[in-house]
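Chain by chain, the residues:
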Amino acid sequence: MTALADHPISRRWPATHPDRIQLYSFPTPNGVKASIMLEETGLPYEVHKITLADKDVKSPEFLALNPNNKIPAIIDPNGPDGAPLELFESGAILLYLGEKAGMLLGDTATERHKITQWLMFQMGGVGPMFGQLGFFWKFAGKDVKDPLPRTRYVNEARRLLGVVEGALEGRDWIAGPYSVADIALCPWLNALEFYGARDVVGWEDHPNCVAYVRRFYERPAVQRGMNIPAREG
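So, here is what we can say about the structure in this document. (Residues numbered from 1 in each chain as written. Predicted model: local features only at pLDDT ≥ 70, side-chain atom pairs only at ≥ 80, totals over all residues. Heavy atoms only, no water.)

This next bit is on the sheet that holds strand β4 (residues 85-88). Hydrogen bonds between backbone atoms are what pair the strands of a sheet, whose relative direction is either parallel or antiparallel. An order of β2-β1-β3-β4 is seen for the 4 strands of this open sheet, with the pairing classed as mixed. The strands lining the two open edges of the sheet, one partner per strand, are β2 (45-49) and β4. Mean inter-strand twist for the sheet, computed between neighbouring axes without regard to direction, equals 15°. Two strands pair when backbone bridges link them, and strand β3 (residues 73-76) and β4 are joined in this way by 4 bridges, in the antiparallel orientation. Looking across to β4, one finds that D76 is bridged to L85. Taken strand by strand, helix α5 (residues 90-101) contacts β1 (21-25), β3 and β4, and its axis lies near 135° from that of β4. (Pairing = 2+ DSSP bridges. Helix = DSSP H or I, 4+ residues; strand = E, 2+ residues; numbered from the N terminus. Axes fitted to C-alpha atoms, helices over the stretch in contact; angles between N-to-C directions. Contact = heavy atoms within 4.5 Å.)

Okay, structure coming up:
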């Protein structure tokens, strides 16, 4: 990889602190995973706001960092093997930052595999299914006359909530210790409120989930990370 100053993204979003991790993001459920993780670990970083508009995420500068045109993405100028590292995909970023900071990945190999399991559950299940629910419940898909898509994603969201509800029985965090899996999962559970879909999926019928999300948002690092970068300004 080229030096940060020579990277195409620096033409539009130049670094003030090029020695720090550079975060390119927006405060969506996926975006705040990275900012919360950085706040939890205390790793020094600099944030750049990349809106979801095509002028940002489909710009040549951002596509040079993430060809999939999605936030978040990072550049660590002090990456492994003595070279800078570019990363996209929120789950990959969480795992990398956890390894770099030496925290939130469990204390044993067994814990790490369990944490990774629940991280993948969010990445492959909760995120995509809840995102589709939001599209068909709140956004453009709500105007589709055929009820089948909405019914499908409402039912799948209810099923996934049931999985989480059962896994949380008798524990505070999804994989045992507080971890990257919780940082991945809770913002997506909270998105049900933004979508106006809590009632339709029976949110209050899942007391473990309700308490879990409340517990998560009581953490100071989470409260800070939820608003990074600020939507306005």
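Continuing now.
We now examine helix α6 (residues 109-137). Taking 1.5 Å per residue as the helical rise, α6 with its 29 residues ought to reach 42 Å, and the 40 Å between its terminal C-alpha atoms agrees with that figure. At Q122, α6 shows its largest kink, close to 35°. (Expected span 1.5 Å × (residues − 1). Bend = angle between axes of the 7 residues up to and from the residue.)

This brings us to the packing of aromatic side chains. Within the structure shown, the criterion is met by 10 aromatic pairs. Residues F136 and Y153 carry aromatic rings whose centres are separated by 5.7 Å and whose planes lie at 10° to one another, so their mutual orientation is stacked. Of this pair, F136 sits in helix α6 while Y153 sits in helix α7 (residues 148-167), and the two are 17 residues apart along the sequence. Judged by its relative accessible area of 13%, F136 falls in the buried class. (Phe/Tyr/Trp six-rings, centres within 6.5 Å; stacked < 30°, edge-to-face > 60°. Buried < 20%, exposed > 50% of the residue type's maximum accessible area, 1.4 Å probe, protein only.)

Below, the discussion takes up the pairing of β1. For a regular strand, side chains alternate in direction, first toward one face of the sheet and then toward the other. Counting buried positions along β1 yields 5 of 5 residues, so the element is predominantly enclosed. In β1, alternate side chains face the same way, and those of I21, L23 and S25 on one face and Q22 and Y24 on the other are all buried. Note: β1 against β2, 5 bridges, orientation parallel. Following the sheet pairing, S25 is matched in β2 by K49. Following the chain from β1 across helix α2 (residues 31-41) to the adjacent parallel β2, one finds a crossover that is right-handed. (Right-handed = clockwise from strand over helix to strand, strands pointing away.)

A word on the packing of helix α8 (residues 180-194) against helix α10 (residues 207-217). Orientation of α8 relative to α10, taken along the N-to-C sense of each, is 115°, at an axis distance of 10 Å. Classified by the interaxial angle, the pair formed by α8 and α10 is roughly perpendicular. The hand of the α8/α10 crossing is left-handed. Listed contacts from α10 to D182, I183, L185, C186, P187, L189 and N190 of α8 are Y212, V213, F216 and Y217. In terms of residue class, the contact of α8 with α10 is made up of 9 nonpolar, 1 polar and 1 charged. (Parallel < 35°, antiparallel > 145°, perpendicular 65-115°, else oblique. Left-handed = near helix turned anticlockwise from the far one by under 90°. Nonpolar A, V, L, I, M, F, W, Y, C, P; charged D, E, K, R; others polar.)

A separate point is the nonpolar core. Residues L97, F130, I174, L189 and F216 are the most contacted members of the largest nonpolar core, which totals 62 residues. Elements represented by at least two residues in this core include exactly β1, α2, α5, α6, α7, α8, α9 (198-201) and α10. If you tally residues by element for this core, the top one is α8, at 10 residues. Discounting residues that sit within four places of it in the chain, I174 has contacts with W118, V164, A167, L168, A181, D182, L185 and Y212. (Core = buried A, V, L, I, M, F, W, Y, C linked by side-chain atoms within 4.5 Å.)

Okay, the side chain of E61 next. Considering the arrangement of structural elements, one finds E61 in helix α4 (residues 60-63). An unpaired buried charge is present at E61: no salt bridge exists, and R12, the closest side chain of opposite charge, is 4.3 Å distant. (Lys, Arg positive; Asp, Glu negative; His and termini not counted. Salt bridge = Lys/Arg side-chain N within 4 Å of Asp/Glu carboxyl O.)

Let us look at α7. The end-to-end C-alpha distance of α7, which contains 20 residues, comes to 29 Å, matching closely the 28 Å that a straight helix rising 1.5 Å per residue would cover. Looking at α7, one finds that the buried residues are P149, R150, Y153, V154, E156, A157, L160, L161, V164, E165 and A167. Buried residues belonging to α7 abut α6, α8, α9 and α10.

The geometry of α2 relative to α5 is characterised by a closest axis approach of 9 Å and an angle of 10° between their N-to-C directions. Accordingly, the angle class assigned to the pair α2 and α5 is roughly parallel. In this structure, α2 contributes K33, A34, M37, L38 and T41 to the contact, and α5 contributes S90, I93, L94, L97, G98 and A101. Classifying every residue of the contact of α2 with α5 by side-chain character gives 7 nonpolar, 3 polar and 1 charged.

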